[in-house]
Amino acid sequence: MCAQGNLPDCLCIIDAIMDWAGASAIGWLFDGRRGASDRLIPRWLFLRALGIIYFSAFVSLIFQIRGLVGPAGILPAGSYLAQSLGHWQRWWYAPTVLWFSSGSATLSALCWAGMIASALLVLNLWPRGMLVICFVCFLSFVSAAQDFSGYQSDGMLLEAGFISFFFAPPGFRRGLGRMHPASRASLFLLQWEWFRIYFQSGAVKLLSGDPEWRHFTAMDEYYQNGPLPTWIGWYVQHLPHWFHASTVYATLALELGLVWMFLLPRRWRIICFFIVTPWQIGVILTANYTFLNYLVLAMGVLLLDDRFALSVLPGIWRQKLVGALSRTRNGNDAHTESSLGSIHAHWNALKLAASAVMLLWIFYATTAELTWMFVRLPLPSSPVAALEPFRIANQYGLFAVMTRGRYEIEFQGSADGQNWVAYPFRYKPQALNQPPGIYAPYQPRFDWNLWFASLGSWREYPIVPNTEVRLLSNSQDVLALFAGNPFAKESPRQIRVVLWQYWFTTIREKRATGMWWRRQPLGLYAPTLERQPDGQIKVVEWPTVQPRQ
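1. Examining empty space enclosed by the protein
Rolling a probe over the atoms, with the probe sized like a water molecule, indicates the empty space that remains.
Inference 1: Taken as a whole and assessed by the stated rule, the structure comprises 2 cavities of 30 Å³ or more.
Inference 2: By volume, the largest cavity is sized at about 50 Å³.
Inference 3: As for the largest cavity, its lining consists of Y222, Y223, G226, P227, L228, P229, T286, A287, N288 and Y289.
Inference 4: Each pocket or cavity is described by its volume, and for the second largest cavity that value is around 40 Å³.
Inference 5: Lining the second largest cavity are L40, R43, W44, L47, R48, N124, P169, G175, L176 and G177.
Inference 6: When its residues are assigned to classes, the lining of the second largest cavity shows 5 nonpolar, 3 polar and 2 charged.

Here it is as structure tokens:
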């Protein structure tokens, strides 16, 4: 062991590690100076896209975060973080800066810090530093948001954002980062995440045993029954069954087979890119899955290389980039030679070791989770569990079971218990004559969660009765989640929650009536609450509907 008085011995050990790493697979995989020098343009494009996606996530939060987890919100973060945990354990199991304060000002500051950092990431200013700020801010929200952060898309962004710290070039104003190509390990892990999103989603479709996928009927009502449909999806829904059956086949073929092409030589990766990119654009146009598809779309750029990028760029850009890329090889060689034997080399050895440990840890955790989907091998689970609170090594699986109906929750208020007025939503279907919009990558977490709640029981989704309570007091933070307040002058005396079933209208119905939707009431979803003169709240009627299948 190296003692304080044996600093020369420590430096000798570091030199030995550096020499070994430089001549081994560790150096080839994790040392950026020996990294993928043919992926500078795709890296530049991906990091700019990642900054835009982060920005969209924080922009959507700035308008919602107080109503979601603020002190007067639906699920206050302060109450959640007040649980009994040790002083140090709490930072591991709930890693969030909101331990210091969870007030409205702190929540807004968290969003603004993330927005500024993501904008600077788009401008390519100190990319690694901005990635750290974006990751910390977004993880802080996710760790304290409870039901409002249980989405796979959140894990996808956190995993990609964390790995991108090792993928991005160091320094303040880096351009293409030609002196520091991306390490091969970080590039592979981003491609590995891209692959797992597809492949694990395909696997769960078959492993779930859902007959919709096995009988090729999964897409027949998919565009209608998803969380937030689009008007383009309305038209696609009315295409014949053979089209929907073919998209089921194409989905399974792409997710289970075609994505393996990321391991093949360059030509096959480019072909794969030109298949998955239009596919993701089609999904974006026909459904609102927040920033999920935009992130997968951006990660697909990493299938390409500089040679392909130069072949499709305009001539004036091509000339500038060719000069920059030609200087890269010479610059890297000079940098490597000048840094050997210096104190900088010792620091590089420590960074190399830390990068290797962290990226190998993520690879092990994600590989173990992928393996356990098919067979429960006796692999150590502690390394996997240790990373769970940070959401940087996730298991994915989208649409394992298809929803067999569209149900919508509607909050209604009354001043007398007889006449009821609905609270208008901003994003989810409600008015029958209003076309479903395209909002992604904006993420309306309240509207999104109500779609999940509509499929279960109010007892499983406390956001519903908690929202009722907040509406009885005209909480301005919660009301901001709605498109309007029908009781702006005085708080309602009663709040109830009605459940509807919705369907797209047929083409004939739309031509005759102009309606995009038709609906049927199913009954009360949650207890009807009444505010008493003394401020107490009591239940005046219990729900009548059962959870849906």
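2. Describing helix α9 (residues 152-167)
Inference 1: Here α9 is 16 residues long and its end C-alpha atoms lie 22 Å apart, about the 22 Å a rise of 1.5 Å per residue gives.
Inference 2: When you tally the buried positions in α9, you get 14 out of 16 residues, the bulk of the element.

3. As for the pattern of salt bridges
Inference 1: Throughout the structure, instances matching the rule amount to 12 salt bridges.
Inference 2: As a salt-bridge pair, E159 and R196 come within 2.9 Å of each other at their nearest N and O atoms. Here E159 is found in helix α9, whereas its partner R196 is found in helix α10 (residues 184-207), with 37 residues between them in sequence.
Inference 3: Here E255 and K205 are joined by a salt bridge, their closest N and O atoms 3.2 Å apart. Of this pair, E255 sits in helix α14 (residues 241-256) while K205 sits in helix α10; the two residues are 50 residues apart in sequence, bridging distant segments of the chain. Here E255 and K205 have matching classes, each one buried.
Inference 4: Among the charged side chains, a network of salt bridges with common partners joins D210, E212 and R404.

4. Regarding the packing of α9 against α10
Inference 1: Close contact between α9 and α10 brings their axes to 8 Å; oriented N to C, the two are set at 165°. Between α9 and α10, the interaxial angle falls into the category roughly antiparallel. Taken as a pair, α9 and α10 cross one another with a handedness that is left-handed. Contacts from M156, E159, A160, I163, S164, F166 and F167 of α9 reach α10 at S186, L187, L189, L190, E193, R196 and I197.
Inference 2: Its residues placed into classes, the contact of α9 with α10 shows 9 nonpolar, 2 polar and 3 charged.

5. Let's talk about the confidence of the model for the protein chain
Inference 1: Model confidence for the protein chain is summarised by a mean pLDDT of 90, while 90% of its residues fall at 70 or above.
Inference 2: Segment residues 1-5 is flagged for pLDDT under 50; beyond a separation of four residues in sequence, or across chains, it makes 2 contacts in the model.
Inference 3: Overall, residues 329-340 carries pLDDT values under 50, and its contacts beyond four positions in sequence, including any with other chains, amount to 12 contacts.

6. Regarding the packing of aromatic side chains
The relation between two aromatic rings is expressed through the spacing of the ring centres and the mutual angle of the planes.
Inference 1: Enumeration over the complete set of coordinates arrives at 50 aromatic pairs.
Inference 2: Here F162 and F166 contribute two aromatic rings whose centre-to-centre distance is 5.6 Å and whose plane-to-plane angle is 65°, an arrangement assigned as edge-to-face. Taken as a pair, F162 and F166 lie in helix α9 at a separation of 4 residues, close to a single helical turn. Across the pair, F166 and F162 agree in class, each one buried.
Inference 3: Relative to W260, the ring of F195 has its centre 4.6 Å away and its plane inclined at 65°; by these criteria the two rings are edge-to-face. A residue pair is termed long-range when its members are at least 10 positions apart, and F195 in helix α10 and W260 in the loop between α14 and α15 (266-286) qualify at 65 residues.
Inference 4: Judged by its relative accessible area of 40%, W260 falls in the partly exposed class.
Inference 5: Members of the aromatic cluster, connected to one another through ring pairs, are F188, W192, W194, F195, Y198, F199, W260, F262, F363 and F374.

7. Some details on the sheet that holds strand β3 (residues 494-504)
Inference 1: What the 5 strands build is an open sheet, ordered β2-β1-β3-β4-β5; its pairing is antiparallel. Sheet topology places β2 (421-422) and β5 (537-541) at the edges, where each strand pairs with a single neighbour.
Inference 2: Here strand β4 (residues 517-531) pairs with β5 via 4 bridges, running antiparallel. Bridging from a neighbouring strand, L529 pairs with V539 of β5.
Inference 3: Sitting on the sheet, helix α21 (residues 445-454) touches β1 (406-414), β3 and β4, and the angle it makes with β1 is about 110°.
Inference 4: This element, helix α22 (residues 463-472), spans β1, β3, β4 and β5 of the sheet and lies at about 65° to β4.

8. A short note on α22
Inference 1: Extensive coverage of α22 is indicated by the burial of 7 of its 10 residues.
Inference 2: Within the span of α22, buried status applies to I463, V464, P465, T467, E468, L471 and L472.
Inference 3: Contacts made by the buried residues of α22 are with β1, α21, α23 (476-479), β3, β4 and β5.
Inference 4: Looking one or two residues past α22, N474 carries a phi angle of roughly 55°, positive in sign.

9. Some remarks on the pairing of β4
Inference 1: Summarising the sheet, β3 and β4 pair through 10 bridges and their orientation is antiparallel. Bridge pairing in β4 places I495 opposite L529.
Inference 2: In textbook terms, the turn of a hairpin is the stretch between consecutive antiparallel strands, and for β4 and β5 this stretch comprises 5 residues, one of which, G535, has a positive phi near 95°.

Rules behind the numbers
Residues numbered from 1 in each chain as written. Predicted model: local features only at pLDDT ≥ 70, side-chain atom pairs only at ≥ 80, totals over all residues. Heavy atoms only, no water. 1 Å grid on protein atoms, 1.4 Å probe; cavity = no way out; pocket = protein on both sides within 12 Å on 5 of 7 lines; lining within 4 Å. Points joined across faces, edges and corners; volume = space filled by probe spheres on them. Nonpolar A, V, L, I, M, F, W, Y, C, P; charged D, E, K, R; others polar. Helix = DSSP H or I, 4+ residues; strand = E, 2+ residues; numbered from the N terminus. Expected span 1.5 Å × (residues − 1). Buried < 20%, exposed > 50% of the residue type's maximum accessible area, 1.4 Å probe, protein only. Salt bridge = Lys/Arg side-chain N within 4 Å of Asp/Glu carboxyl O. Axes fitted to C-alpha atoms, helices over the stretch in contact; angles between N-to-C directions. Parallel < 35°, antiparallel > 145°, perpendicular 65-115°, else oblique. Left-handed = near helix turned anticlockwise from the far one by under 90°. Contact = heavy atoms within 4.5 Å. pLDDT = per-residue confidence, 0-100. Phe/Tyr/Trp six-rings, centres within 6.5 Å; stacked < 30°, edge-to-face > 60°. Pairing = 2+ DSSP bridges.

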